[in-house]
Structure formats: C-alpha cells, structure tokens
Amino acid sequence: MREPGRVRGRISRRGLTLLIAGIGVVVSATVAARLPVPYVIESPGPTLNTLGRTTSGPLIQISGHPVSKTTGHLNMVTVSLQGGPGKQFNVFMALRAWLTPHTAVVPEQEVFIPGQSVQQDVQQDTEEMANSQQTATVAALCVLGIHFTTLDTIEATEKSLPAAGVLRRGDVITAVDGKAVGCNASAADLIRARRPGAPVDLTIRRGGKTQPFRLKTADVQGEPVVGVQVEESYRFPFAIKFDLQNIGGPSAGLMFALGIVDKLTPGGNLAGGRFIAGTGEISADGTVSPIGGIQQKMAGARSAGATVFLSPAANCSDALGALPAGMRLVKVSTLRGALQALAALKAGRATPSC
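Conventions adopted
- Along each chain, numbering runs from 1 in the same order as the chain's sequence is written.
- The predicted nature of this model means local features are confined to residues of pLDDT at least 70 and side-chain atom pairs, given and counted, to a pLDDT of 80 or more, with totals for whole chains, interfaces and linings taken over all residues.
- Side-chain calculation: all heavy atoms of the structure are included, whereas hydrogens and water are not.
- Between the rings of Phe, Tyr and Trp (Trp by its six-membered ring), a pair exists once the centres lie within 6.5 Å; its type follows the angle of the planes, with under 30 degrees stacked, over 60 edge-to-face, and the other angles tilted.
- Strands here are runs of E lasting at least two residues and helices are runs of H or I lasting at least four, both read from the DSSP assignment and numbered beginning at the N terminus.
- For every residue, the accessible area (1.4 Å probe, protein chains only) is compared with the maximum for its type, and the residue is labelled buried under 20%, exposed over 50%, or partly exposed between those bounds.
- pLDDT is a per-residue confidence score from the predictor, ranging from 0 to 100.
- In what follows, a contact means two residues having at least one pair of non-hydrogen atoms within 4.5 Å.

Thoughts on the packing of aromatic side chains
Then, number 1: Summed over the entire model, instances satisfying the criterion amount to four aromatic pairs.
Then, number 2: Each ring, one from Phe148 and one from Tyr234, has its centre 6.1 Å from the other, and the planes form 65°; the classification is edge-to-face. Here Phe148, found in the loop between helix 4 (118–144) and strand 7 (149–157), pairs with Tyr234, found in strand 14 (residues 228–235); they are 86 residues apart in sequence, far enough to count as distant. Side by side, Phe148 and Tyr234 carry an identical accessibility label, which is buried.
Then, number 3: Between the aromatic rings of Phe148 and Phe236, the centroid separation amounts to 5.7 Å while the plane-to-plane angle is 50°, which identifies the pairing as tilted. Taken together, the positions of Phe148 in the loop between helix 4 and strand 7 and Phe236 in the loop between strand 14 and strand 15 (239–242) put the pair 88 residues apart, joining distant regions of the chain.
Then, number 4: On the basis of relative accessibility, which here comes to 9%, the residue Phe148 falls in the buried class.

Here is the structure:
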C-alpha cells in the first residue's frame, strides 16, 4: 500500500516533462524576444503631393521663372522601414509583419550595405535624395527644351590610358565628335558610341579657352575608354528647390520631374484633377529605372486616395500582382512617355499598362 503523503508530494513523470517543456518554451521565447534577426520590415510610408505644400511652403519651389497654377495630385510615395543596422528587431516582430497585409519582411542585406553604420546609411539616403532632385530638374528642363549648361569636368586621368599626360584635372569636356555634351548625351555616352580602338575627337575648355584633342580609345573589357574620371554638374537659368525633410533615396525622381514640368508648363494641369501617384528613379535623359518596395508604395498611395499609379516598366511583374482595388496601373519607361500617358488619361485614351 502506498503512503498517502508520498503520493501527494511526488511529481509524476508526465508532469515533470510538461514543466520542463514549459520552462523551455519560456526560455526560448525570452531568447527569441531579445535576439535580433537579420531582416527588415517594409510597410507603406507617407505620400506627398509634388504639386502641393508643406508646412513652410510649396514642396517644389521655383523662382526666377513664371509658374503655372496646378491642380490635382502628382504624389511621390515612400516605404517605412523597421529594423536595420543598430536597430532591434526580433522574430516575433517578423512573424507579426508576415501576417500583416501590404507589409514585407526582406533580408537586411537587400536594403542596407553590409557593415555600413546608421550614420553612413542616413548620409547615403540624403545624398541619393539630393541627386534625384537635381537629376529630376535636369530631365524636366531637358524635356521642356529650356536651355541650361552641362559641365562634364575631368577630376582625374588614369595611368597608361590615352588621356594620361594629355588631359588635365579641371578640363571641361564640351563636345565629343562635334556633338555638344548635354542632358540627352553625356561625354561618357558619346565616347562609348564607337568600337574600342577607334579615335575620338574631344572639345576641351581649359583656362577659358577651347581646344580640340584627338585620342585613340583603349579597349577595357570590351568598352572604348580614354581614361578620365568625370564629375557632371549643371548651371540652371533659374532656381528650383525642394522643401522636403527626413525622406531619402532616389525613387521620387520621376514624380519630382513631373511636378516641375507641370509648374513650368503654361496651363499646367498634367493630372487633369486626378489623384495620381507614382515612383521611379530618373536619369538626366529621362529614363525611368526600377525601384524597391513598389507593393508597399502602391498600398500607401491607394490608402491616401490615389486612383492612378505610374510604375517603372521593370517593376511591372511585382506591381501587377499586388495592385490594390480601385487603382489603375500605368507603365512608364521615360519621362516623355509618362507625359504622353498623362495626356492620354486626360483625353480618355488607352495608356500603356503592365
């Protein structure tokens, strides 16, 4: 016969197993809550009207040139990030994000450069935003035919290549083979328009004087080069500034350019009173390149009221599979193509679609 006292005081094998398992779960959960994971949460961020105003004035500020009154929306869109270098992000946050509509969890290395500090990341985003604003200005003035000056200034020459000992730091390339350097063709683009080894005629401004130079291009990995490092800058005939804080990256370039074009076009009204949003990195020649986070950007735009979304052509496959209800998707490859698409929308005609 068992002794009643011992039966009451002893833990059964099953109870002990459950207790140990419970302790293990608690310990595992505690560790998981504290242990960071190498992922980043992407969610819809704020959307801002490039035709609109901020608390301190117009988002796009133009002075020294007539500005048209504009209506409707040409909104830039953003993605909010959670996680990244120096930021806490655990597995439970990741699981919650995976279950949240319009939110993505992506590997950290797809968003941030490995080994880069928070300060370096902020600086990079700030520089990319500043560059996108300048490039948008170039593309907009170029498509409008408004004259400005492009300066392709030589920063250095490379040893053992044709330009070494011939061209100098501070020289400005004004033309290649007689074709002026400008928004539609940089010096690099014009030099590459030949087979490797073929000669190239450069027009150089040095010390206030213009001089011609003929160089034989070298073959570097199948590309014709002369061996110069060039910094491209611009001189505009009037001032265009952007009132935008705490937003970085290059993906607002297309919408900045459209906003500038609308303000500088007599009569304006590119949006035709519609709420149009979009995204895309832009080049000086107006080429629109793909960006990241397009699904989150479309969701943010639709939530804000957009009914039309301009998507870079190369983002079409991702955009089409996540198109919010009530939103029309328009495919764009260039700034000029985007303007044509907006004109077609106003006229009720078909537009390029994914």
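Still to come is the rest of the account.
Looking at the confidence of the model for the protein chain
Then, number 1: Looking at the protein chain as a whole, its pLDDT mean stands at 87, while 84% of the residues score no less than 70.
Then, number 2: Counting contacts from residues 1–9, a segment whose pLDDT is below 50, to residues more than four positions away or on other chains yields one contact.
Then, number 3: Long-range and interchain partners of residues 23–35, a stretch whose pLDDT sits below 50, account for nine contacts in this model, where long-range means more than four residues apart.

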